[in-house]
Amino acid sequence: MVIIGAAASFGMRHAPVRVGAFVRTYDHRTVNDPFEVLLVQSDGQAFAALARDPLLRRPDVFPSRAEAAYRAQRMLLPWLAWAGSGGRSGWVPPALAAISVLATAAAAAGLAALLHRLGGPTWPAALLPIVPGAQVSLAYFGPELLVLALVVWGYLLWSRTPPTRSHVGWALALFALGALARETGALVAGALALHEAVHRRWGRATLLGATLAPLVAWLLFLRVRLGAWPTGAGATRLEAPFVGLIRGVQISAAPLSVVVIAALGAVSVLVVVAVLGWRHELTIVALAHAGFGVVLGRAVWVQWEFPTRVLLTLYGLGLVALAVLARRVGSERPPPTAADLSPTEALPSR
């Protein structure tokens, strides 16, 4: 519904529209397709360009080879869109839209399953589209909801008791795909590996660490193919702790919104800690995302939409923890006494 409404709105009010883009195939081009109008508003244009060129034969559509490597490190979504479009250029935007819808459904189902396991109500998972970052990812067909779906289901399989070889294998595959969808997906496997290492389960920690191998191999391929590393794309995407946040607020057109989003991230971490405790593996996952958040650069913190999609998994965990906390608080309330009831309710039944 979010995608359809946004597409219809853009289609009626703005198409055809002349877009100034960072992908040269869209720069100063008249766009009529409402789905395509959506994706050019942000990074969706990069994924559309990569879906039309999955072998990276035309990296010069990006401003630099380093920028091409930076965008192409998140290649799972373009590969899926290429497959979904059958290699047809005009079908890429609807393919990206369909993947976004399916990823949202899978992520919401995963959060519902996680809530059930933690003893919380499952219905808050339906609120996922309004979680900070989710609606942003939906609006431009980004990979963040796909990442969330992959890592949540990966965690659910990984943490099953008793573990089976099949569950572990599927979990590792999902974690590897999550890292290929967006490098932040590797934070989950990395945090879980740290948790396993702390408990001296070295074999499980090694397996989780191995899920980064496909991403590393892909980055090496990009280096050979493009002659650049993704890290060469800009120094303002990662900075010293809190420097990017402070400078982003200073140059932001809406600094209060950025501060509020940062505060919501901090609250998410606090709620996860309060509900699950410091030693829980999901607490380590939340802390890993919070640590990554404080080193995000000013280019990310300049608008509230940017950090929310990067840290979507953290906000999703915050939603889960808040729902579990609400259930616990509600279940701890003592039953009403006669003094608490209205005179009618206090009458004995006949």
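Use the structure listed above.
This is a predicted model, so every value here is computed, not measured.

Conventions we followed
- Residues numbered from 1 in each chain as written.
- Predicted model: local features only at pLDDT ≥ 70, side-chain atom pairs only at ≥ 80, totals over all residues.
- Heavy atoms only, no water.
- Core = buried A, V, L, I, M, F, W, Y, C linked by side-chain atoms within 4.5 Å.
- Buried < 20%, exposed > 50% of the residue type's maximum accessible area, 1.4 Å probe, protein only.
- Helix = DSSP H or I, 4+ residues; strand = E, 2+ residues; numbered from the N terminus.
- Contact = heavy atoms within 4.5 Å.
- Axes fitted to C-alpha atoms, helices over the stretch in contact; angles between N-to-C directions.
- Left-handed = near helix turned anticlockwise from the far one by under 90°.
- Nonpolar A, V, L, I, M, F, W, Y, C, P; charged D, E, K, R; others polar.
- Salt bridge = Lys/Arg side-chain N within 4 Å of Asp/Glu carboxyl O.
- Phe/Tyr/Trp six-rings, centres within 6.5 Å; stacked < 30°, edge-to-face > 60°.
- Lys NZ or Arg CZ within 6 Å of the ring centre and 35° of its normal.

Is there a simple way to think about the nonpolar core in this case?
A general feature of soluble globular proteins is that nonpolar side chains tend to end up buried together. Core analysis: the biggest nonpolar cluster contains 102 residues, and Tyr26, Phe62, Leu96, Leu128, Trp158, Phe175 and Leu192 have the highest contact counts within it. Take this core: its biggest share by element is 12 residues, from helix 8 (residues 144-158). Aside from chain neighbours lying at most four places away, what touches Phe62 is Phe22, Val23, Arg24, Ala46, Ala49, Leu50, Glu67, Ala68 and Arg71.

What am I meant to see in the packing of helix 6 (residues 92-118) against helix 18 (residues 312-331) here?
In a pair of packed helices, the angle between the axes and the distance between the axes together describe the arrangement. Interhelical geometry of helix 6 versus helix 18 gives an angle of 35° and a closest axis separation of 10 Å. The way helix 6 lies across helix 18 gives a crossing that is right-handed. Touching Leu111, Leu114, Leu115 and Leu118 of helix 6 are Gly316, Leu317, Val320, Ala323 and Val324, all from helix 18. Residues belonging to the contact of helix 6 with helix 18 are distributed by class as follows: eight nonpolar, one polar and no charged.

Looking at this model, I keep getting lost on the pattern of salt bridges. Mind explaining?
Pairs can form between side chains of opposite charge once their charged atoms are near each other. Under the definition given, this model contains 12 salt bridges. Measuring nitrogen to oxygen at the nearest pair gives 3.1 Å for the salt bridge that ties Asp43 to Arg71. In this pair, Asp43 is assigned in the loop between helix 2 (34-39) and helix 3 (44-51) and Arg71 in helix 4 (residues 65-72), connecting sequence segments 28 residues apart. Salt-bridge contacts for Glu144 lead to Arg182; the nearest nitrogen and oxygen are separated by 2.6 Å. Here Glu144 is found in helix 8, whereas its partner Arg182 is found in the loop between helix 9 (165-181) and helix 10 (186-198), with 38 residues between them in sequence. For the pair shown, Glu144 and Arg182 are each scored as buried. Connected through salt bridges with shared partners, the residues Asp43, Glu67, Arg71, Arg237 and Arg309 form a single ionic network.

Even after reading the chapter, I still don't get the side chain of Ser42, so can you show me in this structure?
Its place among the elements puts Ser42 in the loop between helix 2 and helix 3. The residues touching Ser42, leaving out its near neighbours within four places in the chain, are Phe22, Tyr140 and Arg309.

Would you mind going over the packing of aromatic side chains with me for this structure?
Remark: the centre distance and the inter-plane angle together describe each pair of aromatic rings, the angle taken between the planes. Going through the model one piece at a time under the given rule, you end up with three aromatic pairs. Seen in terms of ring centroids, Phe35 and Phe141 are 6.2 Å apart; in terms of plane orientation they differ by 55°. Their pairing is tilted. Of this pair, Phe35 sits in helix 2 while Phe141 sits in the loop between helix 7 (134-140) and helix 8; the two residues are 106 residues apart in sequence, bridging distant segments of the chain. Looking at Phe141, the relative accessible area reads 0%, which means it is buried. The interplanar angle of 75° and the centroid separation of 5.0 Å between the aromatic rings of Trp79 and Trp218 together place this pair among those described as edge-to-face. Taken together, the residues Trp79 in helix 5 (residues 76-84) and Trp218 in helix 12 (residues 213-226) connect sequence positions 139 residues apart. Taking relative accessible area as the criterion, Trp79 reaches 28% and is therefore assigned partly exposed. Lying over the aromatic face of Tyr70, Arg237 brings its terminal NZ or CZ to 3.8 Å of the ring centre.

None of the figures reported here should be taken as evidence of function without further support.
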